[in-house]
Amino acid sequence: MARTGRCLCGEVRYELDGDLPPIVNCHCQYCRRAHGAAFVSIAWVPHSAFRFTAGESSVTRHTVGGGYRCFCTICGSRLFNGQTSETGFITLIVSTLDDDSHPGPVLHLNLESKANWYSITDELPQHQSFSREIIEYLKAVRSEDRC
Ligand SMILES: [Zn+2]
Ligand SMILES: [Zn+2]
């Protein structure tokens, strides 16, 4: 059964096929500023697994550099990010999912631009920036038995 998600106002709705990949807490300066938050929980999902079921015409795509961020034009909720050069994957904003009974984050990413005022208090691995090592780690987590 597909997972479902929506923006805050409910205008934009989507479905996501397949397993939810490992979740990462991204502390990069772009996520922090775009969300007005200390960090954002994201998951790289195949673009082909994502489809809008309502309100696609209300989605605005904000492009900066080589990437874009999609959000609801009415309520401003961010839904996913992507690369303008199609990689086959999008970065889903995990908090837009309807069902939050997933295992939660597996690591912290982009500590190099973490907010000074926020302290990480859990034991999850911390990475300064994105790297090949992280891709391999996430692949390994994904292949384990997850919900
Ligand atoms: Zn909305
Ligand atoms: Zn980020």
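Scope of this entry: the structure provided in the associated data block. Keep in mind the model is a prediction, meaning the values are calculated, not measured.

1. Points about the environment of glycine 76
- When you line up the elements, glycine 76 lands in the loop between strand E7 (67–72) and strand E8 (78–83).
- Judged by the 11 C-beta atoms lying within 10 Å of it, glycine 76 falls in the exposed class.
- It is 8.9 Å that separates the C-alpha atoms of glycine 76 and cysteine 9, two residues lying 67 residues apart in sequence.

2. Quick word on the environment of phenylalanine 39
- Mapped onto the secondary structure, phenylalanine 39 falls in the loop between helix H1 (29–35) and strand E4 (40–46).
- Phenylalanine 39 gets classed as buried once you count the C-beta atoms within 10 Å, which come to 22.
- For the pair phenylalanine 39 and proline 21, spaced 18 residues apart in the sequence, the C-alpha separation amounts to 18 Å.
- Beyond its immediate chain neighbours, meaning those up to four positions away, phenylalanine 39 contacts Asn25, Cys26, His27, Cys31 and Arg32.

3. Re the sheet that holds strand E5 (residues 50–54)
- The strand order across the open sheet built from 3 strands is E1-E2-E5, with neighbouring strands paired in antiparallel fashion. Because the sheet does not close on itself, it has two edges, and the strands there are strand E1 (3–6) and E5. The sheet shows a mean angle of 30° between the axes of neighbouring strands, direction not considered.
- Two strands pair when backbone bridges link them, and E1 and strand E2 (residues 13–16) are joined in this way by 4 bridges, in the antiparallel orientation. Within E2, the position partnered with arginine 3 by the bridge is leucine 16.

4. Focus: the sheet that holds strand E3 (residues 23–26)
- Read from one edge to the other, the open sheet built from 7 strands follows the order E6-E7-E8-E9-E4-E3-E10, with strand pairing classed as mixed. Lying at the two open borders of the sheet, with one neighbouring strand each, are strand E6 (59–64) and strand E10 (105–109). Within this sheet the neighbouring strands show an average axis-to-axis angle of 30°, counted without direction.
- Bridge count for E6 against E7 is 6 bridges, and the pairing is antiparallel. Following the sheet pairing, threonine 63 is matched in E7 by tyrosine 68.

5. Considering the environment of histidine 35
- Tracing the chain through its elements places histidine 35 in helix H1.
- Judged by the 16 C-beta atoms lying within 10 Å of it, histidine 35 is partly exposed.
- Spatially, the C-alpha atom of histidine 35 lies 23 Å from that of proline 125, the residues being 90 residues apart in sequence.
- With near-sequence residues (within four places) excluded, histidine 35 lies in contact with Val40 and Arg78.

Conventions and cut-offs
- Residues numbered from 1 in each chain as written.
- Chains lettered and ligands numbered in written order.
- Predicted model: local features only at pLDDT ≥ 70, side-chain atom pairs only at ≥ 80, totals over all residues.
- Helix = DSSP H or I, 4+ residues; strand = E, 2+ residues; numbered from the N terminus.
- Buried ≥ 20, exposed ≤ 12 C-beta atoms within 10 Å, placed from the backbone.
- Contact = placed C-beta atoms within 7 Å.
- Pairing = 2+ DSSP bridges.
- Axes fitted to C-alpha atoms, helices over the stretch in contact; angles between N-to-C directions.

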